[in-house]
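# Structural overview
Spelled out, the chains give:
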Amino acid sequence: MGNPLFARKPMSLLLEECKDEGGHSLKRTLGPFQLTALGVGAIIGAGIFVLSGLGAHYAGPGLMLSFVLSGLGCAFAGLCYAEFAAMIPLAGSAYTYAYATLGELFAWIIGWDLTLEYAMGASTVSSGWSNHFIELLKIFHLRMPLWLAYDHWTGLATATKMIAREMARASDPSLLPGTQAFLDKVDAIMAARSPELVQRAQDLLDAPKLFGAEVGFNLPAFVIALIITAILVIGIKESARFNATIVTIKVAVVLFVIALGSRYVDPSNWGHDWSRFAPMGFSGIGAGAAYIFFAYIGFDAVSTTAQECNKPQRDLPIGIMASLLLCTALYIAVAGVLTGMVRWQDVNIEAPIAVAFLDRGLSTASHIITLGALAGLTSVMLVMLLGQTRVLYAMANDGLLPKKFFAAVHPKFRTPYKNTILVGLLAAIVGSITPIDDIGKMVNIGTLLAFIIVCIAVVILRRSNPDQPRPFRTPGIYRNGMLPIVPLLGIGFNGYMMYKLGWINWARLIGWLIIGLVVYFSYSRHHSRVRNLPQQ
């Protein structure tokens, strides 16, 4: 008898669960268009509208190659996901695949890791959505009190930065807002923390007190998380329709940016040789890829909807790869337009694309971009929360979480409504009262780890179960997994980006996984359904 920690879920049981069509199962309604839209919905968010500025300061015009590098890492992992998704069309994504290949302990680790990607990612995105919503209100000359627009710490930091920007402009009117020189001046003023700065920031925040402590609550982040939760509870078909509408809007905005911005491109901004195209060399392109990787996060959420697809063996690979290819092409085009419109040294870090258009006097276009970013974040939140609830549903069906709660399916809507409400509430609360910049950075490294595990798992299953029917086969795997070119490329690309994220994020990831192991050994291993099966 093998070690129960590494008990694998038999393929026969997985395939039997795939056939379950009863009233307590999830409803199959999704086709290739909806799946592709879910993938695009998860991928195109504020990342392209915000992180492209930071990436440009590492990669220069080579930002286009940074998006290629990130996209290749996702594509190699996506091909491995597609084989699993077609072969094992169950909710749970990488968690389910790990259970079939690496065993229960690794399955738990990847399920816990996916929580870091989806739930924490949704909280991060809700805060970003709030920021863009506040910018939208400013277009109509409406302003929310800072204490009601941010958590307390972020509200105080925002007030401090606003005052510091005023002081920077007053000290040197020649500085242009958004340039690196201006941001350096602001940082210097904030670092000095003069009594004037502290007092003026406190007055600007003007937060009420509760039991003697100042209150801060991000109301827009809280409300949008609850709205998305309600949509997800009502039904997967309704959620997919809502997402498809939002995706149509934001893809139209991205195409608008490319079409209008291309008229203002100066090819000399791209440079005439490698040193000008990539001022910091390939290392800069690699660092840019690691930071903009957040812009790709979420395509794997398509595989979590496997139990809600009409023809998962055919449609899941289409949805995964089509959404990745479409978004990579759009990202490269936007990066080309941005670095062609503005010299890379002058790219605004805070709102790169919107400011590039504002500098050309195109204020209406800038407002449209703000709307596009808002729509993008809405669909990202929907897909991340959707992915999280389906992973929890799969884990509960295996006994690793309480089944009566996490796997309870609504009799009318046929959605896992209890765990959806819980996840939505947690995302709303975390996004409204917590400064989550650091958690957002953890999302990248957690997702990259999930991609690497899937690349490893597909090779293991090729060796351990070579005769299992595979409607879609990852290309580049030869001799029953002895020469796995595509998975090795996936491990290499994603491992390199993990390395570029730095040791502090590795430490946070390890801490998160330790917490997960405590939960596993205190509850999950005692209730495992697979452990009670006859040993094969």
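Coordinates for the structure precede this section.
This text gives an overview of the structure that appears in the document.

Glancing now at the packing of aromatic side chains. Enumeration over the complete set of coordinates arrives at 19 aromatic pairs. Ring plane angle 55 degrees and centroid distance 5.3 Å describe the contact between phenylalanine 217 and phenylalanine 222, whose orientation is recorded as tilted. According to the relative accessible area criterion, phenylalanine 217 is partly exposed, its value standing at 24%. Here the aromatic rings of tryptophan 274 and phenylalanine 277 are separated by 6.2 Å at their centres, their planes lie at 40 degrees, and the arrangement is tilted. Placement of both tryptophan 274 and phenylalanine 277 in helix H13 (residues 274–277) is noted, with a separation of three residues, approximately one turn of the helix. Among the aromatic residues, ring-to-ring pairing joins Tyr81, Phe84, Tyr97, Phe293 and Phe451 into one connected group.

Ile44, Phe67, Tyr81, Phe84, Tyr95 and Phe357 are the most contacted members of the largest nonpolar core, which totals 149 residues. By residue number, the principal contributor to this core is helix H17 (residues 363–397), which donates 18 residues. Not counting the four nearest positions on each side in its chain, tyrosine 81 is found in contact with Ser93, Ala94, Tyr97, Phe299, Asp300, Ser303, Ile320, Ala450, Phe451 and Val454. Listed in part, the 18 residues of the second largest apolar core include Ile134, Ile163, Leu197 and Leu205.

Where empty space is left becomes clear once a probe the size of a water molecule has been rolled over the atoms. Inspection of the entire model under this criterion finds one cavity of 30 Å³ or more. The volume enclosed by the largest cavity comes to roughly 40 Å³. Where the lining of the largest cavity is concerned, the elements lending two or more residues are helix H15 (312–341) and helix H16 (352–358). Considering every element that reaches the lining of the largest cavity, the biggest residue donor is H15, with four residues. Per-class residue counts for the lining of the largest cavity are eight nonpolar, no polar and no charged.

Turning next to the pattern of salt bridges. For the structure shown, the criterion picks out seven salt bridges. Notably, a salt bridge pairs glutamate 83 with arginine 470, separated by 2.9 Å at the nearest N-O pair. Residue glutamate 83 is located in helix H4 (residues 63–87), and its partner arginine 470 is located in the loop between helix H20 (437–464) and strand S3 (477–478); the two are separated by 387 residues in the primary sequence. As far as burial versus exposure is concerned, glutamate 83 and arginine 470 are alike and both buried. Between arginine 314 and aspartate 315 there is a salt bridge, with the nearest N and O atoms lying 2.6 Å from each other. Taking the relative accessible area as the measure of exposure, arginine 314 reaches 46% and is therefore partly exposed.

What follows covers the packing of helix H14 (residues 281–292) against helix H21 (residues 485–500). With their axes 9 Å apart at the nearest point, H14 and H21 run at an angle of 90 degrees to one another. The angle between H14 and H21 places the two elements in the roughly perpendicular class. Across the interface between the two elements, Phe282, Ser283, Gly286, Ala287, Ala289 and Ala290 from H14 touch Tyr496, Met497 and Lys500 from H21. Across the contact of H14 with H21, the residue classes break down as six nonpolar, two polar and one charged.

It is the contact of H4 with helix H5 (residues 94–101), at a shortest axis distance of 10 Å, that shows an interaxial angle of 75 degrees. Judged by the inter-axis angle, H4 sits roughly perpendicular to H5. From H4, Tyr81, Phe84 and Ala85 reach across to H5, where they touch Ala94, Tyr97 and Thr101. A class-by-class count of the residues in the contact of H4 with H5 yields five nonpolar, one polar and no charged.

Among all positions in helix H10 (residues 195–205), only Leu197, Ala201 and Leu205 are buried. Down the axis of H10, the buried side of the element spans an arc of 60 degrees, and every buried residue falls inside it. Phi turns positive one or two residues past the end of H10, at aspartate 206, with a value near 50 degrees.

Reading the values: the criteria
- Residues numbered from 1 in each chain as written.
- Predicted model: local features only at pLDDT ≥ 70, side-chain atom pairs only at ≥ 80, totals over all residues.
- Heavy atoms only, no water.
- Phe/Tyr/Trp six-rings, centres within 6.5 Å; stacked < 30°, edge-to-face > 60°.
- Buried < 20%, exposed > 50% of the residue type's maximum accessible area, 1.4 Å probe, protein only.
- Helix = DSSP H or I, 4+ residues; strand = E, 2+ residues; numbered from the N terminus.
- Core = buried A, V, L, I, M, F, W, Y, C linked by side-chain atoms within 4.5 Å.
- Contact = heavy atoms within 4.5 Å.
- 1 Å grid on protein atoms, 1.4 Å probe; cavity = no way out; pocket = protein on both sides within 12 Å on 5 of 7 lines; lining within 4 Å.
- Points joined across faces, edges and corners; volume = space filled by probe spheres on them.
- Nonpolar A, V, L, I, M, F, W, Y, C, P; charged D, E, K, R; others polar.
- Salt bridge = Lys/Arg side-chain N within 4 Å of Asp/Glu carboxyl O.
- Axes fitted to C-alpha atoms, helices over the stretch in contact; angles between N-to-C directions.
- Parallel < 35°, antiparallel > 145°, perpendicular 65-115°, else oblique.
- Arc of directions from axis to C-beta.

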